[in-house]
Each structure stands twice: as structure tokens, then as C-alpha cells.
Amino acid sequence: MIDIFGAAGNLCAPINPHITGTLKGSTGNVINDDGSVTPQYTTVSVEMEVQAVSSQDLRQIENINQQADMRSVYVRGAVRALNRPLQIGGDILTFYDSDWLVTQQLEEWGNGEWSKVLVTRQMPSSTTS
């Protein structure tokens with residue numbers, strides 16, 4: 001099988017090199033005794049390419065007037081935005097000293113080989129990536 005993510009990354013590296021960050025993949029929630037919900041994650045290191053959000057991506061999400069700090073991220077592997085009916089997603093990427101919530105999956109290639117996702121900056125993280 002051809003490693004398209006790796007091949008494209010090698011071509012883009014001189015201009016926009018991949019960075020290493022952390023993926024907090026959602027594994028569901030725990031309902032606490034007081035009724036509050038605590039999300040659960042599994043954490044892995046991932047290679048990614050971070051880009052500004054393009055006007056085409058903004059049209060795709062129909063959110064041209066969005067004021068949040070957002071990025072498009074290509075990441076090796078399957079990364080999921082929150083999907084309440086399917087009870088999946090809510091993944092978080094950590095890079096540039098911040099947590100970034102995956103707010104929409106824009107593309108997925110193959111059987112989870114790589115994903116392009118839209119992320120929105122959350123509270124600052126205590127880790128540096």
C-alpha cells in the first residue's frame with residue numbers, strides 16, 4: 001500500500017514540516033455519582049501537518065464568520081469529531097502549547113490511514129509539543 005501521507009509530507013516538509021503532537025482519542029464517558037459526566041481518553045503521539053483554515057474549508061463548514069482560533073490539520077490515523085448519535089469522537093489534538101478540539105472531520109483517506117480535520121483552540125495545555 002502506498003503511504004500517501006508520508007509522500008505528501010516529504011514534498012511539503014521544506015515549506016511546512018510535520019510536527020509531533022498528542023492525540024487524546026475519546027473512549028467514551030463516565031457518569032459520576034453526582035450525575036456529572038467525565039470524558040475518557042486514550043493518549044498517543046501523532047505526526048501532523050498544521051495549516052491555516054482555507055476559505056474552501058470554511059465554505060464546507062458554512063461558518064465564514066467564525067471568530068474562534070481554528071486550524072486545518074492533516075494527521076496520520078483516524079481522528080474523529082464529536083458525533084452524538086454514533087457516540088464517537090470528541091478527540092483532542094495537543095500542539096503549539098494548546099489543546100485543540102476536533103470540531104469537524106473534513107476528509108479521511110483509506111481505512112483510517114490519515115485524516116484532515118478542523119480543530120478549534122481550547123484552554124492552554126500544560127505540555128509543549
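Up top you'll find the structure we're talking about.
Residues numbered from 1 in each chain as written. Predicted model: local features only at pLDDT ≥ 70, side-chain atom pairs only at ≥ 80, totals over all residues. Heavy atoms only, no water.

1. So, the side chain of Thr 94
Here's step 1: If you trace the backbone, Thr 94 turns up in strand 4 (residues 92-95).
Here's step 2: A polar side-chain atom of Thr 94 sits 2.7 Å from a polar atom in the side chain of Asp 99. (Helix = DSSP H or I, 4+ residues; strand = E, 2+ residues; numbered from the N terminus. Polar contact = N/O pair within 3.5 Å; in protein donor to acceptor, adjacent residues only side chain to side chain.)

2. Observations concerning the pattern of salt bridges
Here's step 1: Inspection of every chain in the model, using the stated rule, returns 4 salt bridges.
Here's step 2: We note a salt bridge from Asp 69 to Arg 71, for which the minimum N-O separation is 2.6 Å.
Here's step 3: The exposure class of Arg 71 is partly exposed, given its relative accessible area of 23%.
Here's step 4: In this structure, Glu 108 and Arg 80 form a salt bridge, with 3.1 Å as the shortest nitrogen-oxygen distance. Note that Glu 108 is positioned in strand 5 (residues 98-109) and Arg 80 in the loop between strand 3 (70-76) and strand 4, a separation of 28 residues in sequence.
Here's step 5: Accessibility expressed as a relative area gives 35% for Glu 108, which makes it partly exposed.
Here's step 6: When salt bridges with common partners are traced through the structure, they connect Asp 69, Arg 71 and Arg 121 into a single cluster. (Salt bridge = Lys/Arg side-chain N within 4 Å of Asp/Glu carboxyl O. Buried < 20%, exposed > 50% of the residue type's maximum accessible area, 1.4 Å probe, protein only.)

3. With respect to the nonpolar core
Here's step 1: Of all hydrophobic cores here, the largest spans 14 residues; its most connected members are Met 48, Val 73, Leu 93, Phe 95, Val 102, Val 117 and Val 119.
Here's step 2: With 3 residues, the top contributor of residues to this core is strand 2 (residues 37-52). (Core = buried A, V, L, I, M, F, W, Y, C linked by side-chain atoms within 4.5 Å.)

4. Topic: the packing of aromatic side chains
Here's step 1: Applying the stated criterion across every chain, the model contains 4 aromatic pairs.
Here's step 2: Between Phe 95 and Tyr 96, the aromatic rings sit 5.0 Å apart at their centres with planes inclined by 75°, giving edge-to-face as the arrangement.
Here's step 3: Taking the centre distance of 4.9 Å and the plane angle of 5° together, the rings of Phe 95 and Trp 100 count as stacked.
Here's step 4: Relative accessible area serves as the criterion here: at 0%, Phe 95 is assigned to the buried category.
Here's step 5: Judged by relative accessible area, which is 0%, Trp 100 ranks as buried.
Here's step 6: The rings of Tyr 74, Trp 109 and Trp 114 are connected pair by pair, giving a single aromatic cluster. (Phe/Tyr/Trp six-rings, centres within 6.5 Å; stacked < 30°, edge-to-face > 60°.)

5. Section: the pairing of strand 1 (residues 19-31)
Here's step 1: In terms of strand pairing, strand 1 meets strand 2 through 12 bridges, oriented antiparallel. Looking across to strand 2, one finds that Asn 29 is bridged to Pro 39.
Here's step 2: Where strand 1 hands over to strand 2, the hairpin turn is made up of 5 residues, of which Gly 35 adopts a positive phi near 90°. (Pairing = 2+ DSSP bridges.)

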